[in-house]
Amino acid sequence: MAKKVAVIGAGVSGLISLKCCVDEGLKPTCFEKTEDIGGLWRFKENIEDGQASIYQSVITNTSKEMSCFSDFPMPEDFPNFLHNSKLLEYFRIFVKKFDLLKYIQFQTTVLSVKKCPDFSSTGQWVVVTESNGKEQSAVFDAVMVCSGHHILPHLPLESFPGIQKFKGQYFHSRQYKHPEGFERKRILVIGIGNSASDIAVELSKKAAQVFISTRHGSWVMGHISEDGYPWDMVFHTRFSSMLRNVLPRRVVKWVMEQQMNRWFNHENYGLMPQNKYLMKEPILSDDLPSRILYGAIKVKSRVKELTETSALFEDGTVEEDIDVIVFATGYTFSFPFLEDHPLVKVENNMVSLYKYMFPPHLEKSTLACIGLIQPLGSIFPTVELQARWGTRVFKGLCTLPSERTMMADIIKRNKKRIDLFGESNSQILQTSYIDYLDELALEIGAKPDLLSLLLKEPKLAVKLYFGPCNSYQYRLVGPGQWNGARSAIFTQKQRILKPLKTRALKTSSNFPVSFLLKILGLLAVVVVFFFQLQWF
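Treat the numbers as computed from the prediction; the structure is a model and nothing was measured.

**Section: the layout of surface pockets**
If you add up the space inside the second largest pocket, you get close to 780 Å³. Lining the second largest pocket are 26 residues; nearest its centre among them are S225, E226, V234, F235 and Q259. The leading source of residues in the lining of the second largest pocket is helix α8 (residues 249–263), at seven residues. A class-by-class count of the residues in the lining of the second largest pocket yields 17 nonpolar, six polar and three charged.

**A look at the sheet that holds strand β7 (residues 142–145)**
Strand order in the open sheet made by the five strands is β3-β2-β1-β7-β22, with parallel pairing throughout. Every interior strand has two partners, whereas the edge strands, β3 (104–105) and β22 (367–369), have only one. Pairing geometry for strand β1 (residues 4–8) and β7, over four bridges, is parallel. Counterpart to I8 in the pairing with β7 is V145. Strands in contact with helix α10 (residues 379–395) are β1, β7 and β22; relative to β7, the strand with the most contacts, it is inclined by about 165°.

**Description of the sheet that holds strand β10 (residues 186–190)**
Read across the sheet, five strands follow the order β9-β18-β10-β11-β14 without closing on themselves; strand pairing throughout is parallel. At either end of the open sheet lies a strand with only one pairing partner, and these are β9 (169–172) and β14 (297–300). Averaged over neighbouring strand pairs, the angle between their axes works out to 20° when direction is ignored. Lying over the sheet, helix α5 (residues 194–204) contacts β10, β11 (209–213), β14 and β18 (324–327), oriented at roughly 165° with respect to β11.

**A closer look at the pattern of salt bridges**
For the structure shown, the criterion picks out 24 salt bridges. Among the ionic pairs, E308 bridges to K167, the shortest N-O distance being 3.7 Å. Taken together, the residues span a long stretch of sequence, with E308 in the loop between β15 (303–306) and β16 (311–313) and K167 in the loop between β8 (152–153) and β9 at a distance of 141 residues. Given a relative accessible area of 40%, E308 falls into the partly exposed group. Three or more residues are tied together by salt bridges with common partners; here these are K19, D23, D71, E384 and R475.

**Concerning empty space enclosed by the protein**
Under the criterion given, the structure shown has three cavities of 30 Å³ or more. For the largest cavity, the calculated volume is near 70 Å³. The wall of the largest cavity is formed by M350, V351, L353, Y356, I410, R413, N414, R417 and I428. Mapped onto the lining of the largest cavity, the elements with two or more residues apiece are β21 (350–351) and α11 (403–421). Looking at the lining of the largest cavity element by element, the count peaks at four residues for α11. Residues of the lining of the largest cavity, tallied by class, amount to six nonpolar, one polar and two charged. Its boundaries defined by the atoms lining it, the second largest cavity holds a volume of some 40 Å³. Lining the second largest cavity, in full, are V145, S147, G148, H149, F335, C369, I370, G371 and L372. Of the residues assigned to the lining of the second largest cavity, the class counts are five nonpolar, four polar and no charged.

Conventions used here
Residues numbered from 1 in each chain as written. Predicted model: local features only at pLDDT ≥ 70, side-chain atom pairs only at ≥ 80, totals over all residues. Heavy atoms only, no water. 1 Å grid on protein atoms, 1.4 Å probe; cavity = no way out; pocket = protein on both sides within 12 Å on 5 of 7 lines; lining within 4 Å. Points joined across faces, edges and corners; volume = space filled by probe spheres on them. Helix = DSSP H or I, 4+ residues; strand = E, 2+ residues; numbered from the N terminus. Nonpolar A, V, L, I, M, F, W, Y, C, P; charged D, E, K, R; others polar. Pairing = 2+ DSSP bridges. Contact = heavy atoms within 4.5 Å. Axes fitted to C-alpha atoms, helices over the stretch in contact; angles between N-to-C directions. Salt bridge = Lys/Arg side-chain N within 4 Å of Asp/Glu carboxyl O. Buried < 20%, exposed > 50% of the residue type's maximum accessible area, 1.4 Å probe, protein only.

Nothing here speaks to function; it is all geometry.
What follows is the structure, encoded as structure tokens:
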């Protein structure tokens, strides 16, 4: 008899978990608190407690080819970076294609998840839900927690002396929806993540002046990289990942600094990271530097104190007549349905989950957290591989090590995380990208063997190693192998360029001028070398 799995949440993690359950022959039931799929990526004008919230203009920071599910490429006419409404459209196409809607119970809140009395032998859970005022309970063989970590805002008002006296408006960034209503205001945005940057840029087009306050600064990069390709198609390759792993850290960080400053000098713009050698996630913004250049945004240091109408900063400067303060200060973890017996522990600046998924102290590995992670890359392939591994653990096809081994791994991984990304609370879930994907893929036997592939199909091996490391690579071999994976890898450039080429042009020469100049340069070097030999 198929094992019953409770999936909590119908956002991106919940949807892919449903599909993975079905692929493995499990019997899933998804409980979704709202009336629709999409989770964080479904924009709603109204803010509701206990639900994720985004502003109307949100677009993805990872490109479509790096963000699609591994056996379901996005339509080729979709733009490379998607507005939230377009991404939600992709989710709807995905759900329809794999007939997942029938597994979802909408407007159903999970009240509690508790072990059955015989958990040590069965590994089963009692899940209590509420819908239309009626409570129900059911027993499940496994649970996948897919409710996300962008729900409970972190609003550290105690760190801002004088906030009680401030006469203007202040709120957390989750309450921001659009720039209307902020015309001619003087606005202070506190924080320097992607949300802070997006909101500051958008408001600066309406407001009289926007200030952005940061304690540590941040690297800023654009969505566009070499030859106009999406940044992550160039940055996330196995080759570049290998270099970052084998080269001395000092060299890697020096190279990163040079790359980040190639677009603009961060020190001149007041954005230079305090610890520039940490591998923190950069801000993705095409507009922030230009808005600073225009004077529409001014970068300030940490807020030391607030008065009725002004802000005093750490460097001694003061900005008067502040009308609005936006706290873009992140989120805290909240799993109210697990609170009776805390299974997901955040202690000592560390999340006690084996490979960010499994509580190590359970007698049976029948609960997994999907998406409680912040990779330096797209979240979508990450949660998919988590779900593929989790469902195979539930079936007994993959096994976890002892509790002692898992705890040792958690501690070791946390030390490495602090070394790479720092001790900030905002970095608790941070992890490297390709290394983590390969780690998960290795658990299920889906990591491609590049050496054997080099002997059998060198063209594909070269593509995998030097080209973008996207999700299709993890469907070439092993369980869940997809026949279309090879074709998807070789046709990704076509899907990148399709939405860009909307104007008919005469076919350009296949022999670019830049390549010709390189050839001429090489010939010049050879000629010079030859004449030097003749001279001597």
